[in-house]
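Results of the structural survey
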2 protein chains.
Amino acid sequence: MNAPASTIEELTAQRDRASQDHAALVARGLKLDLTRGKPSPRQLDLSNGLVDAPDSLTSADGTDLRNYGGLQGLPELRAIFSEELQVPVEQLLAAGNSSLELMHDALVFAQLGTLPGSQRRWVEEPEIAFLCPVPGYDRHFALCERFGIKMIQVPMTADGPDMDVVERLVAEDPKIKGIWCVPKYSNPDGTVYSDETVRRLAAMRTAAPDFRIFWDNAYAVHHLTDEAAEIADLLALCAEHGNPDRAFVFGSTSKITFAGGGVAFFGSSPANVEWWLSCTAKRSIGPDKINQLRHVRFLRDADGLREHMRQHAALIRPKFDAVDKILTDELGGTGLASWTKPAGGYFISLQVPEGCARAVVAKAKEAGIALTPAGATHPYGDDPTDSVIRIAPTFPDQAELEEAITGLATCVRLVGTEKLLADRQG
Amino acid sequence: MNAPASTIEELTAQRDRASQDHAALVARGLKLDLTRGKPSPRQLDLSNGLVDAPDSLTSADGTDLRNYGGLQGLPELRAIFSEELQVPVEQLLAAGNSSLELMHDALVFAQLGTLPGSQRRWVEEPEIAFLCPVPGYDRHFALCERFGIKMIQVPMTADGPDMDVVERLVAEDPKIKGIWCVPKYSNPDGTVYSDETVRRLAAMRTAAPDFRIFWDNAYAVHHLTDEAAEIADLLALCAEHGNPDRAFVFGSTSKITFAGGGVAFFGSSPANVEWWLSCTAKRSIGPDKINQLRHVRFLRDADGLREHMRQHAALIRPKFDAVDKILTDELGGTGLASWTKPAGGYFISLQVPEGCARAVVAKAKEAGIALTPAGATHPYGDDPTDSVIRIAPTFPDQAELEEAITGLATCVRLVGTEKLLADRQG
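Just so you know, these numbers come straight off a predicted model, no measurement behind them.

This part takes up the overall build of chain A. If you tally the helices and strands in chain A, you get 13 helices and 13 strands. Here the C-alpha atoms of chain A give a radius of gyration of 23 Å, agreeing with the 22 Å that 2.2 N^0.38 yields for 426 residues. Overall, chain A is about 75 × 55 × 35 Å in size when its C-alpha atoms are taken along their principal axes. The buried share of chain A, reckoned over its 426 residues, is 61%. Pairs at least 24 residues apart make up 77% of the contacts formed inside chain A by residues separated by at least 6 positions. Split by element, the accessible area of chain A, about 15400 Å² in all, is 49% carbon and sulfur. Looking at chain A, you have 43 positive and 58 negative side-chain charges, and the mean spots of the two groups are 4 Å apart.

Printed below as a string of structure tokens:
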């Protein structure tokens, strides 16, 4: 454990050491990438059985899956994911390769058509807004930005979005049409929404009659430990509280099987599912059912899915552990950083002193360590505190990851100490 | 060859025979389906090799195709289809399972974003319209209807859309933003656009600065004979005539490999492709590259593709021939019908006397023969002449098809003769 430097002299010495360490780091000419939450090749190897030819190309009900049709997706596959996504099979649809596509399309369909409960198409509203819990997922924010949807930040707490803020905003402002949520092992904090948070989201009064929760349950089965986090059943709670059409549930196999050849899911109330199908029926004659069949054959059932995810955890838990250990060794006690220790998901959130995140990312880049741009965790790429750095530890191999995190810690020491010195001297 | 009935007595006798034949047909309790252009199980069998596990899951450039990325699609696959779709590889994108999705999304992106050449987003225009050559493809029209795009009918000729009409309309009306085209073996007439038609489409002056040709080259390689129809190169002609961004080219493998597990293509000018990628980059991190790889391994190259299509032709040409033979035997010389004899594609267009198509489809339904609804070939499902019936001969097996077409001919004889009698007596 380190101790915080306190005098100008101690800080200067610490800065000089960090500066030398950084120079040495740059000299090594590394090329390491911590930018995106991608599965590693060894994780992908776990699913190589997915490409084996299925023994038959018909579904359980005898449908020839090679031909057109089947807009709802393969019932057998929806059955496997129904429990973990907390959506009844008949309200769960299986689609193409990417749940981001489904979130995009949900926004498109609401803009160009009329949602259950909507008074008009969203394009006809003078302005619409979404609540964005921060830190959050940059691709959610990019969708809002692309469609000119105003983003209103809401702080995250240890239990999920600050519900006092959420309840107040949605009750008073009919422009607010939705909220982005990653309810389990949130991106990037790893937060698991408490039951009370989920209940309040389901029950709250909204000024907009067509308010939607975009429930991106991307890490539903992505546990790092044997204690699988469970969240409350949003769809059931919405129905129970008289808001049956409030939730859009999204999920995918991108980080379960192949990110470049998986299946995505959409689940919602019966009315929303009917509306969704009326929109997608014009767009497609059906998803790739052969790939859905491969997933059924490969995962077998919900237990097969859970066993498969335990193999992922065995590969990536040592990486999360290494990040925590190195950050503790290098930065623990210095007062220069704090970080999350998530029990699942794909990210660790590193908090550095205010005004330092961009500089740390820049220093890391000088040393050949690519990080997600500082600010990416906030709407418009602008973290007003400039203090959050998202670490994605899964993709690099163990040795590269440890090298990258050690280098990152050096950059935090350098930038953080310079900041403290400047504060003292300024 | 039959002779046309001319006297009231002959017509009455012909009507009575047809009526008896129809009653006998109904009594048989058939259950036959000619509604949609679906490949038959034997056609799908041709592609069963598609599901064999690829020997490697990396692309030619070493990319791990199991992971995220590669928004443009696999270069090797785009190379296979570049020649037949007449789009340079670098301007051709490979996507998911359905080209209809890409046409839908093109309309979405133009409505919610700003196309190259657009003065504003299409949702901001008071009204927009598309030209719809008729008869045409019902799913194109359904997309326009869904988005409130006005449809303006243009008659088809033996050379494609009536270009005198097209040129006049697009020159005077800036509301007209596009035209639907199936340029080779059109749905449902089987028309191949002449070189002069393609040239005029590329060269014509349009009042809208952001006019687009939706070039649905669905049957680019779907020849029924050894003489492969060739059409002029629309993209090249657009560039040559100073309208480089006018064409959106669509294609897919739906009727080449698996309709329920294929790959779709989008091709256009460099500026349009850049715009397309800027839109899709927000929507997806990449298409299913594993399925694209399967297509590369299975089809091998452009020659492999052409050889594969010859196997399809060997299976479906006898079906097209049988339809022509039965219609000739049953209706030839009666003056009650005419029909197309396409050299490729998926459809035969049957022309019955004005005001008879709906009644024929209804009579066929009574006999258990399902046909595409009369009117489906026209916007809003409304064929003002009520005379066009689309026949989709590929899906049923040969015996069922022959039974269905014989039954259909009976219905045409019955309804057509009743019409002639009513005209005489009325």
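With that settled, the discussion passes to the relation of the copies chain B and chain A. Structural alignment of chain B on chain A gives an RMSD of 0.0 Å, achieved by rotating through 180 degrees and translating 0.0 Å along the axis. Taken together, the rotation angle and the small translation identify this as a two-fold axis. Comparing interface residues between copies, 100% of those in chain B also lie at the interface in chain A; the contact surface is shared.

Another aspect to go through is the sheet that holds strand β5 (residues 160-161) of chain B. Strand pairing in a sheet relies on backbone hydrogen bonds, with the paired strands running either antiparallel or parallel. All names here are of chain B. Spatially, 8 strands are ordered β2-β9-β8-β7-β6-β3-β4-β5 in an open sheet, and the strand pairing comes out mixed. Because the sheet does not close on itself, it has two edges, and the strands there are β2 (92-94) and β5. Pairing geometry for strand β3 (residues 129-134) and strand β6 (residues 176-181), over 3 bridges, is parallel. Bridge pairing in β6 links Ala129 to Ile176. With respect to the sheet, helix α4 (residues 99-112) is in contact with β3, β6, β7 (212-216), β8 (247-252) and β9 (264-267), its orientation differing from that of β8 by roughly 155 degrees. Where helix α6 (residues 163-172) meets the sheet, its contacts fall on β3, β4 (150-157), β5 and β6, and the angle it forms with β4 comes to roughly 150 degrees.

Residues and elements named next belong to chain B. Summed over the entire model, instances satisfying the criterion amount to 36 aromatic pairs over all chains. Ring geometry for Phe214 and Phe248: centres 5.4 Å apart, planes at 70 degrees, overall edge-to-face. Linking Phe214 in strand β7 with Phe248 in strand β8, this pair joins segments that are 34 residues apart in sequence. Residue Phe214 is classed as buried on the basis of its relative accessible area, which comes to 1%.

In this section: the side chain of His295 of chain A. Structurally, His295 of chain A can be placed in helix α10 (residues 289-299). Take His295 of chain A: its relative accessible area is 0%, and that puts it in the buried class.

It is worth spelling out the domain arrangement of chain A at this point. Residue and element names in this part refer to chain A. Each assigned domain of chain A is listed here: domain 1 (8-43 + 306-425) and domain 2 (54-301). Look at where the C-alpha atoms of domain 1 and domain 2 centre, and you get two points 31 Å apart. Buried area between domain 1 and domain 2, summed over both chains or domains, comes out near 2600 Å², and the portion from carbon and sulfur atoms is 59%. Ranking the residues of domain 1 by area buried against domain 2 places Met309, Pro379 and Tyr380 at the top, with a combined share of 21%.

Turning our eyes to something else, we now look at the interface of chain B and chain A. Residue-level contacts link 54 residues of chain B with 54 residues of chain A. Both sides together, the interface formed by chain B and chain A hides about 4500 Å², and carbon and sulfur atoms give 54% of it. Together, Arg66, Tyr68 and Arg283 of chain B form the three largest contributors to the area buried by chain B at its contact with chain A, with a combined 19%. At the junction of chain B and chain A, the tally comes to 6 salt bridges. Between Arg283 of chain B and Glu101 of chain A there is a salt bridge, with its nearest N and O atoms 3.7 Å apart. Along the contact surface separating chain B from chain A lie 24 residue pairs in polar contact (both at pLDDT 80 or more). Elements represented by at least two residues in the side of chain B that touches chain A include exactly α2 (41-45), α4, α5 (138-146), α9 (270-283) and α10 (289-299) of chain B.

Another aspect to go through is the pairing of strand β8 (residues 247-252) of chain A. Residue and element names in this part refer to chain A. The element β8 is largely enclosed, with a buried count of 6 among its 6 residues. Of the two faces of β8, the one holding Ala247, Val249 and Gly251 and the one holding Phe248, Phe250 and Ser252 are both buried throughout. The pairing of strand β7 (residues 212-216) with β8 spans 4 bridges and is parallel. Across the sheet, Ile213 pairs through a bridge with Ala247, a residue of β8. As a crossover connection, the stretch from β7 through helix α8 (residues 234-240) into β8 is right-handed. When β8 meets strand β9 (residues 264-267), the two strands line up antiparallel, connected through 4 bridges. Directly across from Val249, in β9, lies its bridge partner Gly267.

Before going further, it helps to spend a moment on the sheet that holds strand β10 (residues 338-339) of chain B. The antiparallel open sheet is built from 3 strands, whose spatial order is β10-β11-β13 (chain B). Because the sheet does not close on itself, it has two edges, and the strands there are β10 and β13 (388-391) of chain B.

To continue, consider the packing of helix α12 (residues 357-366) of chain A against helix α13 (residues 398-425) of chain A. Residue and element names in this part refer to chain A. The interhelical angle for the contact between α12 and α13, taken along N-to-C directions, is 130 degrees, at an axis separation of 9 Å. With respect to α13, the element α12 is oriented oblique. Considering how the two elements wind past one another, α12 and α13 form a crossing that is right-handed. Every residue of α13 that contacts α12 at Ala359, Val360, Lys363 and Ala364 is listed here: Leu408, Cys411, Val412, Leu414 and Val415. Of the residues that constitute the contact of α12 with α13, the class distribution is 8 nonpolar, no polar and 1 charged.

Moving on, we get to the side chain of Asp383 of chain B. All names here are of chain B. In this structure, Asp383 sits in the loop between β12 (369-371) and β13. Buried charged residue Asp383 carries no salt bridge. Nearest counter-charge: Arg358, at 7.0 Å. In terms of polar contacts, Asp383 uses its side chain to reach the backbone amide nitrogen of Val388, at 3.1 Å. Sequence-distant contacts of Asp383, defined by excluding residues within four places in its chain, comprise Arg358, Gly375, His378 and Val388.

Take the nonpolar core next. By size, the foremost hydrophobic cluster in this structure holds 111 residues, and its most contacted members are Phe81, Leu201 and Trp215 of chain A together with Phe81, Leu201 and Trp215 of chain B. With sequence-adjacent residues up to four places away left out, Trp215 of chain A is seen in contact with Cys181, Pro183, Tyr193, Val198, Leu201, Ile231, Leu234, Phe248, Val249 and Phe250 of chain A. Membership of the second largest hydrophobic core comes to 68 residues, among which are Leu107 of chain A together with Phe109, Phe147 and Phe266 of chain B.

Turning our eyes to something else, we now look at empty space enclosed by the protein. Applying the stated criterion to the full structure yields 8 cavities of 30 Å³ or more. Space inside the largest cavity adds up to approximately 700 Å³. Every residue lining the largest cavity is counted, 44 residues in all, and those nearest its centre are Gly96, Glu101 and Arg283 of chain A together with Glu101 and Arg283 of chain B. Mapped by element, the contributors of at least two residues to the lining of the largest cavity are β2 (92-94), α4 (99-112), α9 (270-283) and α10 of chain A together with β2, α4, α9 and α10 of chain B. Its residues assigned to classes, the lining of the largest cavity shows 20 nonpolar, 16 polar and 8 charged.

Quick notes on the rules
The residue count restarts for each chain, going from 1 along the sequence in the order it is written. To label them, take the chains in the order written and letter them from A, then take the ligands in the order written and number them from 1. With pLDDT at 70 or above as the cut-off, local features in this predicted model cover only qualifying residues; side-chain atom pairs require 80 or more to be listed or tallied, and sums for whole chains, interfaces and linings still use all residues. With hydrogens and water stripped out, all remaining heavy atoms of the structure feed into the side-chain values. Put simply, DSSP marks the helices as runs of H or I at least four residues long and the strands as runs of E at least two long, and each gets a number from the N terminus on. This radius of gyration counts C-alpha atoms alone. The globule rule is 2.2 Å times how many residues there are, raised to the power 0.38. Throughout this description, buried means an accessible area under 20% of the type-specific maximum (1.4 Å probe, protein chains only), exposed means over 50%, and partly exposed covers the range between. By definition in these notes, contact holds between two residues if any of their heavy atoms fall within 4.5 Å. Values of accessible area rely on a 1.4 Å probe in the Shrake-Rupley scheme; residue burial ignores everything except the protein chains shown. In this tally, Asp and Glu contribute negative charge and Lys and Arg positive charge; neither His nor the terminal groups of the chain are included. The location of each charge is read from NZ of Lys, CZ of Arg, CG of Asp or CD of Glu. A least-squares superposition brings the copies together, and it is based on the C-alpha atoms of residues with pLDDT no lower than 70 in both. Strand pairing requires that DSSP identify at least two bridges connecting the strands. Throughout, an axis means a line fitted to C-alpha atoms (over the contacting stretch in the case of helices), and angles, computed between N-to-C directions, take values from 0 to 180 degrees. Note on aromatic pairs: the rings of Phe, Tyr and Trp (six-membered ring only in Trp) are paired at centre separations within 6.5 Å, and the planes decide the class, stacked below 30 degrees, edge-to-face beyond 60, tilted for the rest. An automatic or database domain assignment supplies the start and end points of every domain. The buried area of a pairing is the accessible area, by a 1.4 Å probe, that goes missing from both parts when the two are put together, added over both. A carboxyl oxygen of Asp or Glu within 4 Å of a side-chain nitrogen of Lys or Arg is what we treat as a salt bridge. Pairs of N or O atoms within 3.5 Å make up the polar contacts considered here, provided that, within protein, one atom can donate a hydrogen while the other can accept it, and that residues adjacent in sequence are counted only when both atoms are side-chain atoms. Look down the strands so they point away from you; if the path from the first strand over the helix to the second goes clockwise, the crossover is right-handed. For classification purposes, angles smaller than 35 degrees are called roughly parallel, those larger than 145 roughly antiparallel, those between 65 and 115 roughly perpendicular, and all remaining angles oblique. Handedness of a helix crossing follows the sense of rotation of the near helix relative to the far helix, less than a right angle counterclockwise being left-handed and clockwise being right-handed. Gly counts as polar in this scheme, as do all residues outside two lists: the nonpolar Ala, Val, Leu, Ile, Met, Phe, Trp, Tyr, Cys and Pro, and the charged Asp, Glu, Lys and Arg. Among buried residues, those of type Ala, Val, Leu, Ile, Met, Phe, Trp, Tyr and Cys that are joined through side-chain atoms within 4.5 Å constitute a nonpolar core. A pocket, in this scheme, is an open set of points on a 1 Å grid over the protein atoms alone with protein on both sides within 12 Å along at least 5 of 7 lines, while a cavity is a set where a 1.4 Å probe fits but cannot get out; residues line either one if an atom lies within 4 Å of a point. Grid points are joined across faces, edges and corners, and a volume is the space filled by probe spheres set on the points.

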